[in-house]
Amino acid sequence: MPFSPVFLDVEDRDRASVLERYPDARIFDSVRGDALIDACKDAEVVSTTVDTKFPASVIAELPALKLLCTRSAGYDHLDLAACADRGIVATHVPDYGSHIIAEFAFALLLGVLRRVEEGRARIRSGSSDHRGLRGMALRGKTMGVLGTGRIGRHTARIAHGFGMTVLAYDPYPFPTFGQECGGSYASLEDVLAASDVISLHLPSTAQTRHIINADAFSQMKDGVVLVNTARGALVDGKALLAALTTGKVSHALLDVLEHEDDLSKEKALIDHPNVAVTPHIAFYADESMRVMFTDCFDSIDQWRKGETPAHAVPLPTAA
Ligand code: NAD
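Along each chain, residues carry numbers from 1 onward, in the same order as the chain's sequence is written. Given that the model is predicted, a residue must reach a pLDDT of at least 70 before its local features are reported, and side-chain atom pairs must reach 80 or more before they are shown or counted; all residues, however, enter totals for whole chains, interfaces and linings. Just so you know, side-chain values use all the structure's heavy atoms and leave hydrogens and water out.

For the rest of this paragraph, the subject is the overall build of the chain. Assigned secondary structure in the chain consists of 13 helices and 12 strands. Taking the principal axes of the C-alpha coordinates as reference, the chain spans close to 65 × 50 × 35 Å. When accessible area is computed with a 1.4 Å probe and restricted to protein chains, residues below 20% of their type maximum are described as buried, those above 50% as exposed, and intermediate ones as partly exposed. In the chain, which comprises 319 residues, the proportion classed as buried is 45%. Considering only residue pairs separated by 6 or more positions, the chain has 57% of its internal contacts joining residues 24 or more positions apart. Computing the positive centroid from 32 side-chain charges and the negative centroid from 42, the chain places the two 6 Å apart. Helix and strand assignments follow DSSP, with helices taken as H or I runs no shorter than four residues and strands as E runs no shorter than two, numbered in order from the N terminus. By definition, residues are in contact when any of their heavy atoms lie within 4.5 Å. The convention is simple: Lys and Arg are positive, Asp and Glu are negative, and His and the chain ends are not counted. Lysine's charge is taken at NZ, arginine's at CZ, aspartate's at CG and glutamate's at CD.

Here's what the structure looks like:
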């Protein structure tokens, strides 16, 4: 019997790596609604991403499904209770390279603070005049890192490499942070007050929602640079706009927004001259995409051998 897993959300450039591993794989890019059900109807194994959700209503239409692999770290787009009810194993990719996101935080920082886009526009307009494009250097500045999990620690390491002073806040400090990342911990208040650049690397939870609010901005240095590659809900957008207006925040560099699914709600931030917004692309690079596939292949192969995949998602147990 040929093994024919279904791979969803596969771009053309990634097809070959799937077919090399599973020559009979059925590969789709975006399929939605009835087309999604048709694509997966008789599949035992489906590989997806956050772009294609598997609520209980979809899982109910897929009687053959036994293994559901998301090639993402997060898995809240899979109905795990429905998987548990049906004995479907779900897997994810817990770490596809946290340096990828940390590097992007610096891509934003260096690109904006050294006026790269404006410089390109200037030269394209036929002028090689440097005046008006003075940048801000990083060495000697203080980088505040909020959240020292996988991504925050990489960010701290890079900042240390740039010769920045690294101050971090995390309610659960990482034991070897000082030795590994060259920074030191301080209270949230002290990090906010001392930092020239503040980079957010916290999860989005009820406790962290709008952790960067008017009160937090009031504690920051004038002209602080805010970088958010974590989750949009960490920042109170209205308070950020107010802080940009007063100059408290000189630049906001945002890969994530609170309302990514309705950008009309974010227009004021997106259009602000001192705000650089990118469309949630910090994760999206050659290395991370490669690991998302190879880790998923490993889960599939472990499952086919009758093993519990190392990256199986813990399923809820019946109450
Ligand atoms: P992680 O779980 O490894 O680390 C999160 C850290 O935040 C932990 O050390 C935790 O103790 C700390 N924390 C929790 N509450 C806190 C608080 N109130 N104040 C300070 N620290 C707190 O997570 P990670 O993998 O490093 O991811 C960090 C963020 O990056 C998450 O929000 C994640 O969703 C986001 N992310 C974004 C992208 C992207 O493409 N933009 C990609 C991957 C992850």
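Attention shifts here to the layout of surface pockets. Computed from the structure, the largest pocket encloses a volume of approximately 1,700 Å³. At the level of elements, α5 (98-113), α7 (150-161) and α13 (286-304) are the ones that each hand at least two residues to the lining of the largest pocket. For this classification, the nonpolar set comprises Ala, Val, Leu, Ile, Met, Phe, Trp, Tyr, Cys and Pro, the charged set comprises Asp, Glu, Lys and Arg, and every other residue, Gly included, is treated as polar. A per-class count over the lining of the largest pocket returns 19 nonpolar, 15 polar and 14 charged. A cavity here means a set of 1 Å grid points, computed over protein atoms only, where a 1.4 Å probe fits but cannot escape. A pocket is an open set with protein on both sides within 12 Å along at least 5 of 7 lines, and lining residues have an atom within 4 Å of a point. Grid points are joined across faces, edges and corners, and a volume is the space filled by probe spheres set on the points. One number sums up the size of the second largest pocket: a volume of about 420 Å³. What lines the second largest pocket is a set of 18 residues, among which L108, G111, V112, E117 and A276 lie closest to the centre. For the lining of the second largest pocket, the secondary structure elements donating two or more residues are α5, α6 (116-124), β11 (249-254) and β12 (275-277). Looking at the lining of the second largest pocket, the element that brings in the most residues is α5, giving 5 residues. Looking at the lining of the second largest pocket residue by residue, the classes come out as 11 nonpolar, 4 polar and 3 charged.

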